[in-house]
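Overview (structure and organization)
Listed below are the residues making up each chain.
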Amino acid sequence: MTRTTTKTAYFCRECGTESPRWEGRCPACGEWNTLVEAPAQGGRVRSPAQSAIEPMVPEPLGRPGEASPGRLPLGFGEVDRVLGGGLVPGSLVLLGGAPGVGKSTLLLQLAARIQQSGRDVLYVSGEESREQVRLRARRLESGAADVVFVASTDTESVIRASETIGPAVLCVDSIQTATSARLPSAAGSVAQVRECGALLQEYAKQAGVATVLVGHITKGGVLAGPRTLEHMVDVVLHFEGPRSAEHRLLRSSKNRFGSIEEVAAFEMTEGGLRPVDDPSALFVTDRPEGVSGSAVGVPIQGTRPLLAEVQALSARARFSSPQRICTGFAPRRLAILLAVLERRAGLPLGEADVFVNVVGGLRLSDPATDLAVVAALVSAERDRAVPPATAFIGEVGLGGELRGVSHVEARVRVARGAGIRTVVLPEVHRTSLPDLAGARWVAHVREVARTLEDA
């Protein structure tokens with residue numbers, strides 16, 4: 001006879017951390033009164049006295065003459081680039097974003113393009129009715145109304161419907177509304193999200209159906225639900241952008257099949273989301289002229305160079321410990337650059353509050369943007385604007401020297417195409433680019449101030 005026992009654990013509603021006992025404060029995120037009781041690991045743990053399991057037959061990964069599984073192009077070149085070339089059959093993708101940013105619109109447009117390519121798609125919504133989704137489909141591009149639709153929150157019913165249709169792609173909007181009859185808890189709870197995610201993962205792997213799940217973002221800016229949900233999926237995408245702005249960004253924080261450095265830009269229009277094919281100068285269009293503390297860098301996001309505006313502001317510290325606040329730039333890297341400027345260039349920023357912001361929601365991790373951050377800091381401290389149509393490319397060493405960067409020719413070419421007339425580069429690139437018009441060569445951070453003095 002098969003005996004089943006029920007184990008319980010406590011999970012944090014904010015971060016999903018599992019704890020063996022109740023505590024007033026989450027040991028991971030530090031939030032108070034967020035631990036809730038739920039069945040552990042789906043609610044049931046079978047005892048050893050269960051029926052015999054069929055033996056598994058090990059097989060080699062590749063067989064002679066066996067074709068490798070191909071990717072599923074989505075029809076959106078920008079989305080395909082972020083995914084690494086398209087959806088992989090049997091993969092599980094989590095698409096997260098703030099309320100109202102356009103997740104459902106993007107998912108419906110992707111489903112329409114896949115349907116037009118001759119592949120079947122099943123779109124499941126647990127938040128909206130058929131009429132509500134139909135209204136959105138009417139204002140989107142042609143083909144959205146042909147997508148097969150099901151309005152359900154029951155995960156088992158969704159899987160049965162998908163088995164009947166046999167689609168190439170299954171879209172679930174959203175995982176927080178999905179429920180399973182195996183658990184008595186409400187939709188959106190830690191246990192339900194984990195259990196429904198596990199069921200959909202098992203179905204996707206066995207049936208070879210690429211599955212896209214929509215996830216909500218908490219007030220802390222992280223994906224809602226247990227952290228195990230992000231671990232079990234193959235790709236985690238973030239759809240970002242203020243609802244008042246017309247541009248959106250799609251980036252990945254996890255991708256088992258490609259790079260996580262790619263970024264796709266979209267423009268929100270009345271007819272839906274339109275990809276921005278050349279977003280190189282998208283983030284510097286509203287840059288004011290004649291204002292100190294602003295400089296332009298040329299980072300590489302994935303495989304393409306972009307122009308990014310870096311803003312800096314320094315002010316007299318009001319407390320004994322100066323503030324260092326960054327948005328879109330690594331705080332530790334900023335601390336290094338501030339130390340280099342004070343020690344090697346004599347810029348008194350050690351006792352000042354320093355604020356750095358990367359405009360447009362970009363996150364700079366490319367070392368080639370060091371020189372742009374230094375230029376913005378020097379401009380802010382001396383209250384002198386950077387010359388117009390000037391870009392800065394270079395990595396800063398601890399000795400204050402400027403080091404060479406990769407793909408410098410591609411960066412310069414993109415800057416030229418965006419209207420940049422002067423490019424400040426490390427001296428080490430002079431030999432490889434001797435005939436570059438409008439180039440300004442610098443070897444040390446002390447020389448960056450000359451660019452401002454000659455304005």
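Description of the structure in this document. The model shown is predicted, which means the values in this text are computed figures rather than measured ones.

Moving on to the overall build of the protein. The helix and strand inventory of the protein stands at 10 helices and 25 strands. Principal-axis analysis of the C-alpha atoms gives the protein an extent of 85 × 55 × 50 Å. Here the protein, with 455 residues, has 49% of them falling under the buried criterion. For the protein, contacts bridging at least 24 residues in sequence account for 67% of all contacts bridging at least 6. For the protein, the distance from the average position of its 51 positive side-chain charges to the average position of its 50 negative side-chain charges is 3 Å.

Moving on to the sheet that holds strand 6 (residues 92-97). With mixed pairing, nine strands are arranged side by side in an open sheet as 8-7-9-10-6-11-12-13-14. Only two strands of the sheet have a single neighbouring strand rather than two, namely strand 8 (148-151) and strand 14 (272-275). When strand polarity is set aside, the average angle formed by the axes of neighbouring strands in this sheet is 25°. Inspection of the sheet shows strand 9 (residues 169-173) paired to strand 10 (residues 210-216) by four bridges, in the parallel sense. Across the sheet, the residue bridging to Cys171 is Val212, located in strand 10. The sheet strands contacting helix 5 (residues 190-207) are strand 6, strand 9 and strand 10, and the helix crosses strand 6 at an angle near 140°.

Note that Asp353 resides in strand 20 (residues 352-358). Among buried Asp, Glu, Lys and Arg side chains, Asp353 stands out as unpaired, with Arg324 the closest opposite charge at 5.2 Å. Here Gln323 takes part through its backbone nitrogen, which lies 2.8 Å from a polar atom of the side chain of Asp353.

Below, the discussion takes up the pattern of salt bridges. According to the stated counting rule, one finds 15 salt bridges in the structure shown. A salt bridge links Arg363 to Glu240, with the shortest nitrogen-to-oxygen separation between them at 3.0 Å. With Arg363 in the loop between strand 20 and helix 8 (370-382) and Glu240 in strand 11 (residues 235-240), this residue pair connects regions lying 123 residues apart in the sequence. A salt bridge links Arg430 to Glu427; the shortest N-O distance between them is 2.6 Å. Accessibility expressed as a relative area gives 37% for Arg430, which makes it partly exposed. The partly exposed category is assigned to Glu427, whose relative accessible area is 32%.

With that settled, consider the packing of helix 2 (residues 103-116) against helix 3 (residues 130-139). At their nearest, the axes of helix 2 and helix 3 sit 11 Å apart, and the two run at 70° to each other. Viewed along their axes, helix 2 and helix 3 adopt a mutual orientation that is roughly perpendicular. Once helix 2 is placed against helix 3, the crossing between them reads as right-handed. On helix 3, the residues touching Ser104, Thr105 and Leu108 of helix 2 are Val133, Arg136, Ala137 and Arg139. Looking at the contact of helix 2 with helix 3 residue by residue, the class counts come to three nonpolar, two polar and two charged.

Now for the sheet that holds strand 25 (residues 439-442). Taken in spatial order, the seven strands of this open sheet run 19-20-18-15-21-24-25, and their pairing is mixed. Strands with a single pairing partner mark the edges of an open sheet, and in this sheet they are strand 19 (324-327) and strand 25. For this sheet, the mean inter-axis angle between neighbouring strands, taken without regard to orientation, is 30°. Inspection of the sheet shows strand 18 (residues 308-316) paired to strand 20 by seven bridges, in the antiparallel sense. Residue Ala315 lies in a different strand from strand 20, and its bridge partner there is Asp353.

What follows covers the packing of aromatic side chains. By the definition in use, this model includes three aromatic pairs. Look at Tyr123 and Phe149: their rings are 6.1 Å apart centre to centre, the planes differ by 25°, and that puts the pair in the stacked class. Note that Tyr123 is positioned in strand 7 (residues 121-125) and Phe149 in strand 8, a separation of 26 residues in sequence. Taken together through their ring pairs, the aromatic side chains of Phe76, Phe239 and Phe266 make up a single cluster.

This part is about unusual backbone geometry. Of note, the amide linkage connecting Asp173 to Ser174 takes the cis form, showing an omega dihedral of 10°. In this structure, Asp383 is a non-glycine residue whose phi angle is positive, near 55°. Classification of Asp383 by relative accessible area gives exposed; the value is 61%. The phi angle at His407 is positive, at roughly 55°, despite the residue not being glycine. Counting through the fold element by element, His407 comes out in the loop between strand 23 (402-403) and helix 9 (408-417). His407 sits in the exposed class, given a relative accessible area of 55%.

So, on to the nonpolar core. Residues Phe329, Leu334, Leu341, Val356, Val374, Leu377 and Phe392 are the most contacted members of the largest nonpolar core, which totals 44 residues. Here the element with the most residues in this core is helix 8; it accounts for nine residues. If sequence neighbours within four positions are ignored, Leu377 has contacts with Ala312, Leu334, Leu338, Leu341, Leu347, Leu349, Val354 and Val356. Among the nonpolar cores identified, the runner-up in size contains 36 residues, and Leu106, Ile114, Val147 and Phe239 belong to it.

For the rest of this paragraph, the subject is the environment of His247. In this structure, His247 sits in strand 12 (residues 247-255). As for His247 and Leu273, which are separated by 26 residues in sequence, their C-alpha atoms are 9.0 Å apart. Sequence-distant contacts of His247, that is, excluding residues within four places in its chain, are made with Gly241, Phe266, Glu267, Val276 and Leu282.

So, on to the packing of helix 7 (residues 331-344) against helix 8. Two quantities define a packed helix pair, namely the angle between the helix axes and the distance between the axes. It is at 11 Å that the axes of helix 7 and helix 8 come closest, and there the two elements cross at 60°. Taken together, helix 7 and helix 8 sit at an angle that is classed as oblique. The handedness of the crossing between helix 7 and helix 8 comes out as right-handed. Packed against helix 7, whose contacting residues are Arg333, Leu334, Leu337, Leu338 and Leu341, the element helix 8 presents Asp370, Val373, Val374, Leu377 and Val378 at the interface.

About the criteria used
- Residues numbered from 1 in each chain as written.
- Predicted model: local features only at pLDDT ≥ 70, side-chain atom pairs only at ≥ 80, totals over all residues.
- Heavy atoms only, no water.
- Helix = DSSP H or I, 4+ residues; strand = E, 2+ residues; numbered from the N terminus.
- Buried < 20%, exposed > 50% of the residue type's maximum accessible area, 1.4 Å probe, protein only.
- Contact = heavy atoms within 4.5 Å.
- Lys, Arg positive; Asp, Glu negative; His and termini not counted.
- Charge placed at Lys NZ, Arg CZ, Asp CG, Glu CD.
- Pairing = 2+ DSSP bridges.
- Axes fitted to C-alpha atoms, helices over the stretch in contact; angles between N-to-C directions.
- Salt bridge = Lys/Arg side-chain N within 4 Å of Asp/Glu carboxyl O.
- Polar contact = N/O pair within 3.5 Å; in protein donor to acceptor, adjacent residues only side chain to side chain.
- Parallel < 35°, antiparallel > 145°, perpendicular 65-115°, else oblique.
- Left-handed = near helix turned anticlockwise from the far one by under 90°.
- Nonpolar A, V, L, I, M, F, W, Y, C, P; charged D, E, K, R; others polar.
- Phe/Tyr/Trp six-rings, centres within 6.5 Å; stacked < 30°, edge-to-face > 60°.
- Core = buried A, V, L, I, M, F, W, Y, C linked by side-chain atoms within 4.5 Å.

Purely geometric numbers; function is a separate question.
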